[in-house]
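Listed below, chain by chain, are the residues.
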Amino acid sequence: MTQVQHGCALFLALCGTVAAAATPQQSTFYVVDIGHGNVAFVVSPLGETMLLDCGPSYAVDRIYGFMQQNGIKKIDYLVISHFEDDHMGAVAALTKKVEIINYVDHGESVTYGKSDEWWRGRRSPWWRPGIGEADNKRMDTYKAARATGHHIPVKPGDRPPVKGLDVVVVAAAGQNIAKPLTGGGQKNPACSQVEKRAEDDAEDGQSVGVVIGNGKFSFIYLGDMTWNNSYRLFCPKNMVGIVDAYLVTHHAQSMNTDLGEYYGGLSCCSVAEVQGLQPRVALLSMGSQGHKYGTPDAMKNVRNLGIDLWQTEKITSGGEAGLNAPDDYIANIGEPRSNLTPYIKLVAKPDSSFAVSNSRNNFTKNYPPRK
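Here's a quick rundown of the structure. (Residues numbered from 1 in each chain as written. Predicted model: local features only at pLDDT ≥ 70, side-chain atom pairs only at ≥ 80, totals over all residues. Heavy atoms only, no water.)

## Observations concerning the pairing of strand E5 (residues 99–105)
The element E5 is extensively covered by neighbouring structure, given that five of its seven residues are classed as buried. Pairing of strand E4 (residues 74–79) with E5 involves five bridges; the strand directions are parallel. Following the sheet pairing, Ile75 is matched in E5 by Ile100. Pairing between E5 and strand E6 (residues 150–153): four bridges, direction parallel. Within the sheet, the bridge partner assigned to Tyr103 lies in E6 and is His151. (Buried < 20%, exposed > 50% of the residue type's maximum accessible area, 1.4 Å probe, protein only. Helix = DSSP H or I, 4+ residues; strand = E, 2+ residues; numbered from the N terminus. Pairing = 2+ DSSP bridges.)

## A look at the packing of aromatic side chains
When we look at a pair of aromatic rings, we describe it by the centre distance and by the angle of the planes. Considering all chains together, one arrives at 15 aromatic pairs under this definition. On the numbers, 5.6 Å between centres and 65 degrees between planes, the contact of Phe217 with Phe354 is edge-to-face. With Phe217 in strand E11 (residues 217–221) and Phe354 in strand E18 (residues 354–358), this residue pair connects regions lying 137 residues apart in the sequence. As far as the burial class goes, Phe217 and Phe354 line up, both buried. What links up through ring pairs into an aromatic cluster is the set Phe29, Phe217, Phe219, Phe354 and Tyr367. Above the plane of the ring of Trp127 lies Arg120, whose end atom (NZ or CZ) is 3.8 Å from the centre. Taking NZ or CZ as reference, Arg197 lies 3.6 Å from the ring centre of Trp227, over its face. (Phe/Tyr/Trp six-rings, centres within 6.5 Å; stacked < 30°, edge-to-face > 60°. Lys NZ or Arg CZ within 6 Å of the ring centre and 35° of its normal.)

## Points about helix H7 (residues 227–234)
Burial runs high along H7: six of the eight residues are buried. Looking only at H7, the buried set comprises Trp227, Asn228, Asn229, Ser230, Leu233 and Phe234. Packed against the buried residues of H7 are strand E7 (166–172), strand E8 (175–176), strand E12 (237–238), helix H8 (261–264) and helix H9 (271–277). (Contact = heavy atoms within 4.5 Å.)

## A short note on the environment of Asn361
Mapped onto the fold, Asn361 is located in the loop between E18 and strand E19 (364–367). The partly exposed category is assigned to Asn361, whose relative accessible area is 29%. As for Asn361 and Val274, which are separated by 87 residues in sequence, their C-alpha atoms are 28 Å apart. A polar side-chain atom of Asn361 sits 3.3 Å from a polar atom in the side chain of Asn358. (Polar contact = N/O pair within 3.5 Å; in protein donor to acceptor, adjacent residues only side chain to side chain.)

## Here we look at the pattern of salt bridges
In the structure shown here, the tally under the stated rule is 18 salt bridges. We note a salt bridge from Arg232 to Glu199, for which the minimum N-O separation is 2.9 Å. Here Arg232 is found in helix H7, whereas its partner Glu199 is found in the loop between strand E9 (186–187) and strand E10 (209–214), with 33 residues between them in sequence. You can call Arg232 partly exposed: its relative accessible area is 33%. Residue Glu199 is classed as partly exposed on the basis of its relative accessible area of 44%. (Salt bridge = Lys/Arg side-chain N within 4 Å of Asp/Glu carboxyl O.)

## Details of the nonpolar core
Residues Leu52, Ile212 and Phe219 are the most contacted members of the largest nonpolar core, which totals 68 residues. The element contributing the most residues to this core is E7, with six residues. Phe219 has contacts with Phe29, Leu52, Val210, Val211, Ile212, Ala245, Leu247 and Leu283, leaving out every residue within four places of it along the chain. (Core = buried A, V, L, I, M, F, W, Y, C linked by side-chain atoms within 4.5 Å.)

## Let's talk about unusual backbone geometry
For the bond running from Cys235 to Pro236, omega is -5 degrees, close enough to zero to count as cis. Mapping Pro236 onto the fold places it in the loop between H7 and E12. Even without being glycine, His250 reaches a positive phi, approximately 50 degrees. One non-glycine residue, Gln278, lies in positive phi territory at about 50 degrees. Among the residues examined, Gln278 registers a relative accessible area of 45% and is labelled partly exposed.

Given below as structure tokens:
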């Protein structure tokens, strides 16, 4: 090889290396249909896997089936937003099927050891004798599972070190970030439409909320964050800023005050939250049954944004049933259960472009970079 040929070959090799390094690094988000509850997998550009909540105890086979369908072998970070069955009930059974390396949560349950009478005052529509003991047992079971891995209790501002992603905790243990994220901190005009409600002193209000970034793309999940905590995060200043994808808070639960002021404070998705975030898509995991005790106001706030809503299941009852997305955007429209777990998949690039697809029918929509 001549010196010129060698130089050209070296140049092409270097260019190839640069081109490979410049290839957009995709992150993948899956919102999995497990009925009522939240299960969202995140696969980083470098292959690490994060699971946002683990669904109720009966969901373990569907979660494991989904992992097998999509070649997910282990969970590097399991983020449990708060200690209620529809978010952490399946953990213990899942640890027997797959390796879970890191457990991320807000620390200890604020409801542990509470009496049945305490629970009656906070969950009267769902109250039953022994509810306190059942809650204690569920937490004990979770803590035993958590002890098999590395426990990471987080506070607002912490950044779990998921390789290839920028993950920041914006809320945990009833507290929110004190300093705005990059792009946040602006006055939120929608706050004038929102008033504070009763405080929640149970687990919903302790929810860990995270913003996940991949370059210019961002995804937010706030667990079951309740009304006043959301107000403090988005009012008077929007501490988060805008995002591209919004996993709808608290299953779009909106409670009226007919049951008492406390229940109104369990609501989510105020206009200050949804208009402050300005997402380009919303993803909803509610299950097929609408909320029995409440109103469809939260879902209306999301639909009023005029953006695409992607759902794990078609809602067939309650006020929310009239607010479904078109069937192409719903992973499960009521077919009999099969061996395949339905899900919504979002693939994002660092330039903030992304594509969302439906596992049921392979319907896919592409979203260009945010302007």
